[in-house]
Amino acid sequence: QVQLVESGGGLVQAGDSLKLSCAASGRTFSTATMGWFRQAPGKEREFITAIYWSSGLPYYADSVKGRFTISRDNAKNTVYLQMNNLKPEDTAVYYCAATRKLFPVVNKKDEYDYWGQGTQVTVSS
């Protein structure tokens, strides 16, 4: 069992940076692939980025590549999302997720077993 709690959201201006954290409980965090998704009002939840547990390699959606960076600290059971050069279209509720699948299709939300409650990010123009 893994429980996830996001933090770090807020209201920023376009061009600003923000760093989200996702604290995980449970002994199995180090073997879980972690992902970040977001959902804007009236839209589907969309994949942003993930980091594989086995290799530590990240994978990014084209919409955030070059601006967002995912990282993880297994000692702290925490995954981070550094967001730079934020745009108004980045406004959404951001969710972290975890999967214990060995070879997950990381950009598919159905691959994830555990979800956090979400944290709001609002970017003003």
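Just above, that's the structure.
This report concerns the structure included in the present document.

Thresholds, definitions, all that
- Residues numbered from 1 in each chain as written.
- Predicted model: local features only at pLDDT ≥ 70, side-chain atom pairs only at ≥ 80, totals over all residues.
- Heavy atoms only, no water.
- Helix = DSSP H or I, 4+ residues; strand = E, 2+ residues; numbered from the N terminus.
- Contact = heavy atoms within 4.5 Å.
- Disulfide = S-S within 2.5 Å.
- Buried < 20%, exposed > 50% of the residue type's maximum accessible area, 1.4 Å probe, protein only.
- Salt bridge = Lys/Arg side-chain N within 4 Å of Asp/Glu carboxyl O.
- Pairing = 2+ DSSP bridges.

A few points about the side chain of D90
Next, step 1: As for its position among the elements, D90 is in the loop between β8 (78-83) and β9 (92-99).
Next, step 2: Residues contacting D90, with those up to four places away along its chain left out, are R38, R67, F68, N85, V121 and V123.

A look at the state of the cysteines
Next, step 1: Using the criterion set out here, one finds 1 disulfide in the structure.
Next, step 2: Here C22 pairs with C96 through a disulfide, and the sulfurs are 2.0 Å apart. Disulfide C22-C96: torsion about the S-S bond near 45°, hence right-handed. Taken together, the residues C22 in strand β3 (residues 18-25) and C96 in strand β9 connect sequence positions 74 residues apart. Both residues of the pair, C22 and C96, belong to the buried class.

Thoughts on the pattern of salt bridges
Next, step 1: A complete count under the given rule lists 5 salt bridges for this structure.
Next, step 2: Two residues, E46 and R38, come together in a salt bridge whose shortest N-O distance is 2.6 Å.
Next, step 3: Given the relative accessible area of 6%, R38 is considered buried.
Next, step 4: Ionic pairing is found between R67 and D90, a salt bridge with its closest N-O pair at 2.7 Å.

Re the pairing of β8
Next, step 1: Burial within β8 is extensive, with 5 of its 6 residues counted as buried.
Next, step 2: Of the strand pairs in this sheet, β3 and β8 are connected by 6 bridges, and their pairing is antiparallel. Paired with L18 across the strands is M83, a residue of β8.
Next, step 3: Across 6 bridges, the pairing between strand β7 (residues 68-73) and β8 is antiparallel. By the bridge assignment for β8, I70 is matched with L81.
Next, step 4: Joining the antiparallel neighbours β7 and β8 is a turn of 4 residues, in which N77 adopts a positive phi near 55°.

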